[in-house]
Amino acid sequence: MVRVFFMEKLINFNGKLVASDKNFLNHENRGLRYGDALFESIRVVDGAVIFWEDHYLRLMASMRILRMEIPMNFTLEFLEAEILKTIQSNKQETKPARVRLTVFRNNGGLYLPITNDISFCIESEALHSPFYILKEEEYKVELFKDFYVNANMLSTIKTSNRIINVVGSIFASENGYNNCILLNHQKQVVEVLNGNIFMVKANLITTPPLQDGCLNGILRKKLLEILKKVDDYELQEASISPFDLQKADELFITNSILGIRPITHYRKKEYQNEVAKNLIGKLNALSRLSSTGLKKQ
């Protein structure tokens, strides 16, 4: 008889490793009650936390915006070590992994908390590839118009208030779409359900500005850095209307886990992916540079 052993998945809760099936949170959790939480989705490859400094700085800025108390030990080095501890506990130190780092205000109070102190939770799961891979299969999107994004500073940070993304994902699934495009109250394109959006027309690449309500995405930031150094394309951060999308040559999505994902169809329009193909290599090179730099520290 062959025995199959399943490794217990471990979660890092405030620096302590606990089994994922243990009840280490309760009904008073403010993330559950009020969405009083932030999170970062992070890619880790061979023990290197990709674009870690950018993730860390965004998290610190977001905690200040939400008036969370930042612990004295919440340094770049401390949180990186806690991420790697979690990865190692799940035997993923030589594999690519997806990490979710969640920070939430501690229990107590109603809308007004009784404390601004925080707790953190780190989860990890294996990924299939250490590199960003451009998937070329059919990928259909549609506008999601049931609800709109409120364009303000809160919409640019990664809080756990993602109900529009949840409902939009259900809408997409029920109607045979792979993703949906979110709009703000001015009916301008903001982003897709799981990342930022870029539009290509000839050699002009456009992405919505932060003031239109889009997430201040890490991959968005890195791609802007890449495009500013490339002479082949002109880059602009400018409002995009749904009508503009149908005149584009190419549309693609970015986020920290998938990298770049081309959109193949929006309504009756079919799109190319040549620019996305060109940029994925540059993004992988920048990712490797980030990884090498971290290992040397």
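Placed above this text is the structure.
Residues numbered from 1 in each chain as written. Predicted model: local features only at pLDDT ≥ 70, side-chain atom pairs only at ≥ 80, totals over all residues. Heavy atoms only, no water.

A. Structural context of the side chain of Thr207. Relative to the assigned elements, Thr207 resides in strand S11 (residues 204–207). With a relative accessible area of 0%, Thr207 lands in the buried category. Sequence-distant contacts of Thr207, defined by excluding residues within four places in its chain, comprise Ile197, Phe198, Arg220, Leu224, Gln236, Glu237, Ala238 and Ile240. (Helix = DSSP H or I, 4+ residues; strand = E, 2+ residues; numbered from the N terminus. Buried < 20%, exposed > 50% of the residue type's maximum accessible area, 1.4 Å probe, protein only. Contact = heavy atoms within 4.5 Å.)

B. Representation of the environment of Ile114. By the element assignment, Ile114 lies in the loop between strand S5 (97–105) and strand S6 (118–126). In this structure, Ile114 is in contact with Asn107, Gly108 and Gly109, ignoring residues within four places of it in sequence.

C. Inspection of the environment of Val200 at higher detail. Tracing the sequence through the fold places Val200 in strand S10 (residues 196–201). Judged by its relative accessible area of 1%, Val200 is buried. Between the C-alpha atoms of Val200 and Leu251, which are 51 residues apart in sequence, the distance is 6.2 Å. Among residues more than four places away in sequence, those in contact with Val200 are Ile205, Ala248, Asp249, Glu250, Phe252 and Val275.

D. Molecular detail of the sheet that holds strand S9 (residues 189–192). Pairing is mixed in the open sheet, where 5 strands are placed in the order S9-S8-S7-S15-S16. Edge positions in the sheet fall to S9 and strand S16 (269–270), since each of these pairs with one other strand and no more. Taken together, the 2 bridges between strand S15 (residues 265–266) and S16 define a ladder with antiparallel strand orientation. The residue of S16 that forms the bridge with His265 is Glu270. Most of the contacts of helix H4 (residues 163–174) go to strand S7 (residues 140–149), to which it runs at about 140°, and overall it touches S7 and strand S8 (179–184). (Pairing = 2+ DSSP bridges. Axes fitted to C-alpha atoms, helices over the stretch in contact; angles between N-to-C directions.)

E. Just the nonpolar core, in detail. If you look at the biggest cluster of nonpolar residues, it comprises 25 residues, and the most contacted ones within it are Trp52, Met63 and Ile83. Of all the secondary-structure elements, those providing two or more residues to this core are strand S3 (37–45), helix H2 (52–65), helix H3 (76–89), S5 and S6. Those residues in contact with Ile83 that sit more than four places away from it in its chain are Ile42, Val44, Val49, Trp52, Val99 and Ile122. Of all hydrophobic cores here, the second largest spans 23 residues; its members include Phe51, Leu224, Val230 and Leu279. (Core = buried A, V, L, I, M, F, W, Y, C linked by side-chain atoms within 4.5 Å.)

F. Main features of a nonpolar patch on the surface. Taken together, the side chains of Ile163, Val166 and Ile170 define a hydrophobic patch exposed on the protein surface, amounting to about 290 Å² of accessible area. Examined against the element boundaries, Val166 turns out to sit in helix H4. On the accessibility criterion, Val166 (43% relative accessible area) is partly exposed. (Patch = residues over 30% accessible without salt bridge, like charges linked within 9 Å, V, L, I, M, F, W, Y side chains within 5 Å. Areas by Shrake-Rupley, 256 points an atom, 1.4 Å probe, with all protein chains shown as cover. Salt bridge = Lys/Arg side-chain N within 4 Å of Asp/Glu carboxyl O.)

G. Highlighting the sheet that holds strand S14 (residues 259–263). Reading across from one edge, S12-S11-S10-S13-S14 is the order of the 5 strands in this open sheet, with mixed pairing throughout. Looking at strand neighbours, the two that pair on one side only are strand S12 (234–237) and S14, the edges of this open sheet. Averaged over all pairs of adjacent strands, the angle between their axes in this sheet comes to 25°, without regard to strand direction. One ladder, built from 5 bridges, connects S10 with strand S13 (residues 250–255); its direction is antiparallel.

H. Quick peek at the pattern of salt bridges. Applying the stated rule across the entire model yields 13 salt bridges. Residue Arg261 is joined to Glu137 by a salt bridge in which the shortest nitrogen-to-oxygen separation is 3.3 Å. Within this pair, whereas Arg261 is found in strand S14, its partner Glu137 is found in the loop between S6 and S7, the two being separated by 124 residues in sequence. Among the residues examined, Arg261 registers a relative accessible area of 13% and is labelled buried. Judged by its relative accessible area of 43%, Glu137 falls in the partly exposed class.

I. Focus on the pairing of strand S1 (residues 10–13). Side chains Leu10 and Asn12 project from S1 onto one buried face, and the interleaved Ile11 and Phe13 project onto a second face that is buried too. As paired elements, S1 and strand S2 (residues 16–19) share 4 bridges and run antiparallel to each other. Directly across from Phe13, in S2, lies its bridge partner Lys16. Counting the residues between successive antiparallel strands, the hairpin from S1 to S2 contains 2 residues, one of them, Asn14, with a positive phi of roughly 55°. Two elements, S1 and S6, share 2 bridges in a ladder whose sense is antiparallel. Bridge pairing in S6 links Phe13 to Cys121.

J. A look at the packing of aromatic side chains. As enumerated under the stated definition, the model contains 10 aromatic pairs in all. Of the aromatic side chains, those joined through ring pairs into one cluster are Phe144, Phe147, Phe171 and Tyr177. Seen from the ring of Phe39, Arg100 lies directly overhead, with NZ or CZ sitting 4.0 Å from the centre. Here Lys187 stacks its cationic end above the ring of Tyr148, 4.7 Å away from the centre of that ring. (Phe/Tyr/Trp six-rings, centres within 6.5 Å; stacked < 30°, edge-to-face > 60°. Lys NZ or Arg CZ within 6 Å of the ring centre and 35° of its normal.)

K. Expanded view of the environment of Asp36. As for its placement among the helices and strands, Asp36 is situated in the loop between helix H1 (30–34) and S3. For Asp36, a relative accessible area of 9% corresponds to the buried category. Once the C-alpha coordinates of Asp36 and Met68 are considered, the two residues, 32 residues apart in sequence, prove to be 9.6 Å apart. Apart from residues lying up to four places away in sequence, Asp36 is in contact with Arg30, Gly31, Met68, Phe104, Arg105 and Ser160. Within polar-contact distance, the side chain of Asp36 engages the side chain of Arg105 at 2.7 Å. (Polar contact = N/O pair within 3.5 Å; in protein donor to acceptor, adjacent residues only side chain to side chain.)

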